[in-house]
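Residues per chain are reported as follows:
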Amino acid sequence: MKNQFKLEENNTNVRTELLAGTTTFLTMVYIVVVNPGILSAAGVPFEQAFMATIIAAVVGTLIMAFAANYPIAIAPGMGMNAYFVTEVIQQDVSYSVILGTVFLAGILFVILSLTSLREMLITAIPASLKYGITSGIGLFIAFLGLRMSGIIVASEETLVTLGDLTAPGTLLTIVGLFITLILIARNITGGLFIGMLITGIIGFFTGQLEITKVMSAPPTPVFWDIDLAGVFANSLYTVIFAFLLVTIFDTTGTMVGVAEQAGFIRKDGSLPRARAALMADASATTVGAMFGTSPSSAYIESSSGVAAGGRTGLTTTVVAGLFIVSIFFAPLVGAVSGLPAITAPVLIIVGCFMMEGLANVNWKSFDDAFPAFIIILTMPLTSSIATGIAMGFITYPVLKLVMGKGRSVHWLLYLFAVIFILQMIFFPGH
């Protein structure tokens, strides 16, 4: 084990790695509950989504552990699961068709990760658009949490309005939100998970959560519930691009951030074994789609394990092992994920975390600020990540051109702008 993960070279030991792995798992285990709960709204059977979530997490995390030897965990990403649901509803297609778009995005992701194209794509797209996309998704999933909990409801006069805060489920959401906020503000490890646990206990004693069984044999995984023909029949190319683009930015940004914290980044800014690390999330996305879940990405919660001393793939091996253990708790997870008051606070708080990048947008430069702004504005209002991306990619090169800065824009941005304009004219809603 010491030789496999080079513990001595990385100034760590087995005990520290075990503690770090457990810490990382506790901070991200909420996804086992939240992801199946969200995907169920798109028609994906709960047990299928539950097993797919764990399979994707285990595959991606183990590749990260053994191929890259990094303490960075992989699992289905927040934001992409919510986008998955809205696309099923807006495109009026089955979830199998949208799983097809995830699978194709995963294949493209693998190809890009094997070449220098992924690095070129990351370099070509300006920081303001990257931060705008991440922040827009943050608002998108926070709004979803507010809606599913009843804090925000539909209104004929104003489109949305404040709901009945005295309704049992809504009141429990608010209580759970404040409990979780306090835990996170106090830097309690696993605050999101503990907050869900306490909210669930309150829900149980107030009669809102009914638990008949805690453990059982693992559900049987469902393989290849995918409709690729439906992807092409409905011209869902923009959806594929949205899944691909967001996952690339999300994972790369997270990976670099955690790697810097752990001291892995070289003086020239490069990341050792980067290609192996990038293949982890690409493979998890592809495998996850085969079993029935939305795209996977590196988890920023991995930073908690690094803070606890994790420096090698042994940390992530522990995370993967704990995910495997969680497959025996499907009945408990099913009951918990069925109560929006437990999962909604997580969506709202994670949405807040995703707004952090806005501090890096140059708001005094209009040609940088407006594209970021229009992305952030349109994503939650149209319930479409793809539409938000399109608006940003169109306005950015146009503003740069009219301000005499056209040469500073990578040619890929002009190509994307033309493609998005054509898509919005001839394939609106796709």
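In case you missed it, the structure is sitting above this.
Residues numbered from 1 in each chain as written. Predicted model: local features only at pLDDT ≥ 70, side-chain atom pairs only at ≥ 80, totals over all residues. Heavy atoms only, no water.

**Observations concerning the overall build of the protein chain**
Scanning the protein chain for helices and strands turns up 20 helices and four strands. By the compact-globule yardstick of 22 Å for 430 residues, the protein chain fits well, its C-alpha radius of gyration being 21 Å. For the protein chain, the spread of C-alpha atoms along the principal axes amounts to about 60 × 60 × 45 Å. Each of the 430 residues in the protein chain was classed as buried or not, and the buried ones make up 57%. Contacts spanning at least 24 positions in sequence make up 80% of the contacts within the protein chain whose residues lie at least 6 apart. Per element, the accessible surface of the protein chain, about 17900 Å² overall, is 67% carbon and sulfur. (Helix = DSSP H or I, 4+ residues; strand = E, 2+ residues; numbered from the N terminus. Rg over C-alpha atoms; globule rule 2.2 N^0.38 Å. Buried < 20%, exposed > 50% of the residue type's maximum accessible area, 1.4 Å probe, protein only. Contact = heavy atoms within 4.5 Å. Areas by Shrake-Rupley, 256 points an atom, 1.4 Å probe, with all protein chains shown as cover.)

**What to know about helix α18 (residues 366-382)**
Spanning 17 residues, α18 covers 23 Å between terminal C-alpha atoms, matching the ideal 24 Å at 1.5 Å per step. Buried within α18 are the following residues: Asp367, Asp368, Ala369, Pro371, Ala372, Ile374, Ile375, Ile376, Thr378, Met379 and Pro380. Of the surrounding secondary structure, the elements contacted by the buried residues of α18 are α8 (127-149) and α19 (385-402). Just past α18, the residue Ser383 takes up positive phi, approximately 55 degrees. (Expected span 1.5 Å × (residues − 1).)

**Here's the deal with the pattern of salt bridges**
Throughout the structure, instances matching the rule amount to three salt bridges. Where Lys400 meets Asp367, a salt bridge forms, and the shortest distance between an N and an O atom there is 2.9 Å. A residue pair is termed long-range when its members are at least 10 positions apart, and Lys400 in helix α19 and Asp367 in helix α18 qualify at 33 residues. Here Lys400 and Asp367 have matching classes, each one buried. The structure contains a network of salt bridges with shared partners spanning Asp367, Asp368, Lys400 and Lys405. (Salt bridge = Lys/Arg side-chain N within 4 Å of Asp/Glu carboxyl O.)

**Brief notes about the environment of Met215**
When you line up the elements, Met215 lands in the loop between α10 (191-205) and α11 (228-233). Overall, Met215 belongs to the partly exposed group, its relative accessible area being 46%. Counting along the chain gives 113 residues from Met215 to Phe328, while the straight-line C-alpha distance between them is 5.5 Å. For Met215, the residues in contact, after removing those within four places along its chain, are Phe328, Phe329 and Pro331.

**A few points about the side chain of Ser128**
Note that Ser128 resides in helix α8. Residues contacting Ser128, with those up to four places away along its chain left out, are Val361, Asp368, Ala372 and Tyr396.

**Thoughts on the packing of aromatic side chains**
Summed over all chains, the structure comprises 17 aromatic pairs. For the ring pair Phe5 and Phe66, a centre distance of 5.4 Å and an interplane angle of 50 degrees mean the geometry is tilted. Remark: Phe66 occurs in helix α4 (residues 46-68) and Phe5 occurs in helix α1 (residues 2-5); sequence separation between them is 61 residues. Judged by its relative accessible area of 4%, Phe5 falls in the buried class. The exposure class of Phe66 is partly exposed, given its relative accessible area of 46%. Arranged with centres 6.2 Å apart and planes meeting at 50 degrees, the rings of Phe232 and Tyr237 form a pair that is tilted. (Phe/Tyr/Trp six-rings, centres within 6.5 Å; stacked < 30°, edge-to-face > 60°.)

**Let's talk about a nonpolar patch on the surface**
A surface patch of nonpolar side chains, about 470 Å² in accessible area, is lined by Leu117, Met120, Trp411, Leu415 and Ile419. Of all the secondary-structure elements, those providing two or more residues to the nonpolar patch are α7 (117-124) and α20 (411-426). No other element matches the three residues that α20 contributes to the nonpolar patch. Taking relative accessible area as the criterion, Leu117 reaches 40% and is therefore assigned partly exposed. (Patch = residues over 30% accessible without salt bridge, like charges linked within 9 Å, V, L, I, M, F, W, Y side chains within 5 Å.)

**Examining the pairing of strand β2 (residues 152-155)**
With four bridges connecting them, β2 and strand β3 (residues 159-162) associate as antiparallel partners. The partner of Val153 across the bridge, within β3, is Thr161. With antiparallel pairing between neighbouring strands as the criterion, β2 and β3 make up a hairpin whose turn holds three residues. (Pairing = 2+ DSSP bridges.)

**A closer look at the nonpolar core**
If you look at the biggest cluster of nonpolar residues, it comprises 106 residues, and the most contacted ones within it are Phe84, Ile133, Phe323, Ile389 and Phe393. Look past the residues within four positions of Phe393 in its chain and what remains in contact with it is Ile125, Leu129, Ile133, Leu245, Leu413, Phe416, Ala417 and Phe420. Counting 17 residues, the second-largest nonpolar core is a separate cluster that includes Ala68, Tyr70, Ile74 and Val306. (Core = buried A, V, L, I, M, F, W, Y, C linked by side-chain atoms within 4.5 Å.)

**A look at unusual backbone geometry**
One non-glycine residue, Leu159, lies in the positive phi region at around 70 degrees. Overall, Leu159 belongs to the exposed group, its relative accessible area being 68%. Within the chain, Trp224 stands out as a residue other than glycine whose phi angle is a positive 60 degrees. Positionally, Trp224 belongs in the loop between α10 and α11.

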